[in-house]
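Remarks on the overall topology
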Amino acid sequence: MTNSGEYPQQQQSSAPVHHGGTQGAYPPPPAFAPEAPPKPPRRRAKGPLALLAAVAIAAAAVGGGTAYAFQELTGKDGTATSATNTNVVPTSQKGTVSGVAQAVSPSIVEISAKSNSGEATGSGVIITDDGEIITNNHVISGATSVKVTTNDGKSYDAKVVGTDSKKDLALIKLQDASGLKAASLGNSDNVKIGDDVVAIGSPEGLTGTVTSGIISALDRDVTVSTDEDQGQQQQQGGGGWPFEYGGEQFNGDTGSSKTTYKALQTDASLNPGNSGGALIDMNGNIVGINSAMYSPSSSSQSAQSSSSGSVGLGFAIPINTVKADLDTLRAGSTD
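Everything numeric here is computed off the predicted structure, so don't read it as measured data.

1. Considerations on the overall build of the chain
On a plain count of helices and strands, the chain comes out with five helices and 17 strands. For the chain, the residues scored as buried account for 43% of the 335 residues in total. Split by element, the accessible area of the chain, about 17500 Å² in all, is 50% carbon and sulfur.

Set out below in structure tokens:
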């Protein structure tokens, strides 16, 4: 007999102890460690904290949230445009004139337009891989034939699709072209005074000429002629396209038929033949179409023909104006 209140002594046994049963031990050991009670479900954060967390996750998904850029199509597949800034220039050359020139030059062309009055030379920007090109209206106005030479030396015939003399813009289309490099159209609303820019065009027929400078001013009221005959004569004479600014006329008389638009001003060197070419930011995005420049080689009411060299007075049509006009030009407007 055992003393009252004591458990009987366990007898030694050669049989193995089975922890999952009750035989051979008293009291039996627990079969498993007791499970921890389930944790209450975590309540989802609400209000500003949840919003901030969601924003942080979204920012991380697009590259840390430091430079979100995207491409959108404007009216037609293949037109490369950017609502912010797309980095066209390789990272190793970012911010350099040489990097911009290398990245964008394949998208800039030389335009030769023949008319009954003679031949004019200008520049243009490829905006689709099948050969849509933006240029100035005064480059091709009155033309009976248009030929385009690309950066790699290939020559194409082109037809005029649409013109807008009030904005001095025109859209031409290469015949039987494909696989071209379309330029990235940026956002001219983001341009600031003092921003570095690069100009590419064919001044005096010197294809692919690159110059650089800064944005000198915004929203300049530039008045240009819409008289196509006068424009062709000015182009042939090498005097540049006539324009008015601040009540004075440059490069000749603009005549009675004229229009005024808001322009970007730049000190990048522009010369006759740069018209219709590109003004580009340092990421390689087109921010303007070069349209008017003071040409000191011609006499005018405000400059003597003895002047020489670039004086840093160039103007470009903001690219947002161009993008807003693309549908009209593609529809074949000829106003």
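2. So, unusual backbone geometry
Positive phi, normally seen in glycine, also occurs at Asp 176, with a value near 55°. Within the fold, Asp 176 resides in the loop between β8 (169–174) and β9 (184–185). Looking at Asp 176, the relative accessible area reads 80%, which means it is exposed.

3. Here's the deal with the nonpolar core
Side chains of a nonpolar character, in soluble globular proteins, are inclined to be buried together. With 33 residues, the main nonpolar core has Val 104, Val 125, Ile 134, Val 222, Phe 243 and Ile 286 as its most contacted residues. Beyond its immediate chain neighbours, meaning those up to four positions away, Ile 286 contacts Val 104, Val 125, Ala 183, Ser 184, Leu 185, Gly 186, Ala 278, Leu 279, Ile 280 and Ile 319. Ala 113, Ala 158, Ala 170 and Ile 172 belong to the second-largest nonpolar core, a separate cluster that totals 16 residues.

4. What to know about the pattern of salt bridges
Per the stated rule, a full pass over the model turns up four salt bridges. The shortest N-O distance in the salt bridge between Arg 330 and Glu 132 comes to 2.7 Å. Of this pair, Arg 330 sits in helix α5 (residues 319–330) while Glu 132 sits in strand β5 (residues 132–135), and the two are 198 residues apart along the sequence. Since its relative accessible area comes to 6%, Glu 132 is described here as buried. Asp 221 is paired through a salt bridge with Lys 262; the nearest N and O atoms lie 2.9 Å apart. With Asp 221 in strand β11 (residues 209–225) and Lys 262 in strand β14 (residues 258–266), the pair connects residues that are 41 residues apart, well separated along the chain. Judged by relative accessible area, which is 40%, Asp 221 ranks as partly exposed. Residue classification places Lys 262 among the partly exposed positions, given a relative accessible area of 45%.

5. Here's the deal with the pairing of strand β6 (residues 145–149)
Only one face of β6 is buried, namely the one carrying Val 146 and Val 148, since none of Ser 145, Lys 147 and Thr 149 on the opposite face is buried. Relative to β6, strand β3 (residues 108–115) runs antiparallel, the two being bridged by five bridges. Following the sheet pairing, Ala 113 is matched in β6 by Val 146. Across four bridges, the pairing between β6 and strand β7 (residues 155–164) is antiparallel. Each residue of the ladder has a partner; that of Thr 149, found in β7, is Ser 155. Here β6 hands over to β7 after five residues, with Gly 153 in that stretch at a positive phi of 90°.

6. Let's talk about the sheet that holds β7
Within the closed barrel, the six strands sit side by side as β3-β4-β5-β8-β7-β6. Their pairing is antiparallel. Taken over all neighbouring pairs, the strand axes of this sheet differ in orientation by 40° on average, direction set aside. Sheet strands touched by α5: β5, β7 and β8. Its angle to β8, the strand with the most contacts, is close to 60°.

7. A closer look at α5
Between its terminal C-alpha atoms α5 stretches 16 Å, which fits the 16 Å expected from 12 residues at 1.5 Å a residue. For α5, every residue scored as buried is listed here: Ile 319, Asn 320, Val 322, Lys 323, Asp 325, Leu 326 and Leu 329. Residue Gly 332 follows α5 closely and has a positive phi angle near 90°.

8. Considerations on the pairing of β3
Of all eight residues that make up β3, seven are buried, and the element is covered over most of its length. With eight bridges joining them, β3 and strand β4 (residues 118–126) adopt antiparallel strand pairing. The partner of Ser 112 across the bridge, within β4, is Thr 121. Where β3 folds back onto β4 in an antiparallel hairpin, the turn is made up of two residues.

Rules and cut-offs
- Residues numbered from 1 in each chain as written.
- Predicted model: local features only at pLDDT ≥ 70, side-chain atom pairs only at ≥ 80, totals over all residues.
- Heavy atoms only, no water.
- Helix = DSSP H or I, 4+ residues; strand = E, 2+ residues; numbered from the N terminus.
- Buried < 20%, exposed > 50% of the residue type's maximum accessible area, 1.4 Å probe, protein only.
- Areas by Shrake-Rupley, 256 points an atom, 1.4 Å probe, with all protein chains shown as cover.
- Core = buried A, V, L, I, M, F, W, Y, C linked by side-chain atoms within 4.5 Å.
- Contact = heavy atoms within 4.5 Å.
- Salt bridge = Lys/Arg side-chain N within 4 Å of Asp/Glu carboxyl O.
- Pairing = 2+ DSSP bridges.
- Axes fitted to C-alpha atoms, helices over the stretch in contact; angles between N-to-C directions.
- Expected span 1.5 Å × (residues − 1).

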